[in-house]
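In case you want the letters, here they are:
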Amino acid sequence: MIDFQSGYILRPVNPVFIYFSLFCALLLNLLPIGNYGWVPDWLILCIVFWNIHQHRYVSVITAFILGLMMDVHNSDLLGLHAFSYSLVAYVAISWHRRIVALTVLSQALHLLPIFLLVSLFPVLAHWLLSGELYWWALTGAIQALIEAMLWPIAARILLAPQRRPIDVDHNRPL
């Protein structure tokens, strides 16, 4: 795979690193920070990243299972996060050819609707099921903006193991 920003040919990804990063993102989501609008959904950031860059290892089914875990953790309507995570994973997989060719800042702007979808879907589902709209729950838009701003940092961190050289030879420039 080629990193289009630097022109650097990336090393093959280690599947252990992919699942370790998903596990770390799940643990960050399980922290008792609270459900505030300024706390990003680390798991969806990681799911979208790996669905764009390595969709063969992280699929819609993986996103669905991780969404079920988040539903159980949040004591929310079972399947709410699972459906939104799997929907976002499907959209990320279908957009991956377009997103990879862009710069990192353009990627963040193109991924903002995906992050808005995953943060506002539970609000819309609760509104449809109960008939009441909680306006404070619309702070998910702030959460989506923060996730889009964190995208360049996440891309830098998650692609770092693929950018390091195998053998450093100071006599050979390539």
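Structural data are supplied above this passage.
Throughout, residues of each chain are indexed from 1 in the direction in which the sequence is written. At least 70 in pLDDT is required for a residue's local features to be given in this predicted model, at least 80 for side-chain atom pairs to be given and counted, and no such filter applies to totals for whole chains, interfaces and linings, which use all residues. Only hydrogens and water are set aside; all other atoms, that is, all heavy atoms of the structure, feed into the side-chain values.

Student: Whenever I open this one, the layout of surface pockets confuses me. Can you help?
Tutor: To find leftover empty space, one rolls a probe the size of a water molecule over the atoms. Residues are said to line a cavity or pocket when one of their atoms sits within 4 Å of a point; the points come from a 1 Å grid over protein atoms alone, cavities being sets where a 1.4 Å probe fits but cannot get out and pockets being open sets with protein on both sides within 12 Å along at least five of seven lines. Grid points are joined across faces, edges and corners, and a volume is the space filled by probe spheres set on the points. Considering only enclosed or pocket space, the largest pocket measures out at about 830 Å³ in volume. Lining the largest pocket are 33 residues; nearest its centre among them are Asn35, Asn74, His81, Pro122 and Gln143. Runs of E in the DSSP output that reach at least two residues are strands. Runs of H or I that reach at least four are helices, and both are numbered from the N terminus. Elements represented by at least two residues in the lining of the largest pocket include exactly α1 (15–30), α3 (60–74), α4 (80–100), α5 (104–130) and α6 (140–163). The dominant element in the lining of the largest pocket, judged by the number of residues it contributes, is α5, at seven residues.

Student: Help me out: how do you make sense of α4 in this one?
Tutor: In this scheme, a helix's expected span is set at 1.5 Å multiplied by one less than its residue total. With 21 residues, α4 should reach 30 Å at 1.5 Å per residue; the first-to-last C-alpha distance of 28 Å fits that figure. The largest bend along α4 reaches roughly 50° and is located at serine 94. Bending is quantified residue by residue as the angle between axes fitted to the seven-residue window ending at that residue and the seven-residue window starting at it.

Student: Even after reading the chapter, I still don't get the nonpolar core, so can you show me in this structure?
Tutor: By nonpolar core is meant a set of buried Ala, Val, Leu, Ile, Met, Phe, Trp, Tyr and Cys residues that side-chain atoms within 4.5 Å join together. Burial classes: relative accessible area under 20% of the type maximum marks a residue as buried, over 50% as exposed, and values in between as partly exposed (1.4 Å probe, protein chains only). Counting 39 residues, the largest nonpolar core has Leu22, Leu43, Ile47, Val48, Trp50, Phe115 and Trp151 as the members making the most contacts within it. The biggest single contributor to this core is helix α2 (residues 42–53), with nine residues. Contacts between residues were defined by any pair of non-hydrogen atoms, one from each residue, lying within 4.5 Å. Residues contacting tryptophan 50, with those up to four places away along its chain left out, are Val13, Phe17, Ile18, Ser21, Leu22, His55, Val58, Leu158 and Gln162.

Student: I tried to follow the packing of aromatic side chains on my own but got confused; where do I start?
Tutor: Here a ring pair, both rings aromatic, is described through the centre-centre distance and the interplanar angle of the planes. Note on aromatic pairs: the rings of Phe, Tyr and Trp (six-membered ring only in Trp) are paired at centre separations within 6.5 Å, and the planes decide the class, stacked below 30 degrees, edge-to-face beyond 60, tilted for the rest. By the definition in use, this model includes five aromatic pairs. Ring geometry for phenylalanine 49 and tryptophan 50: centres 4.9 Å apart, planes at 80°, overall edge-to-face. A single burial state applies to phenylalanine 49 and to tryptophan 50, both of which are buried. Seen from their ring centres, phenylalanine 83 and phenylalanine 121 are 5.3 Å apart, and the 45° between their planes marks the pair as tilted.

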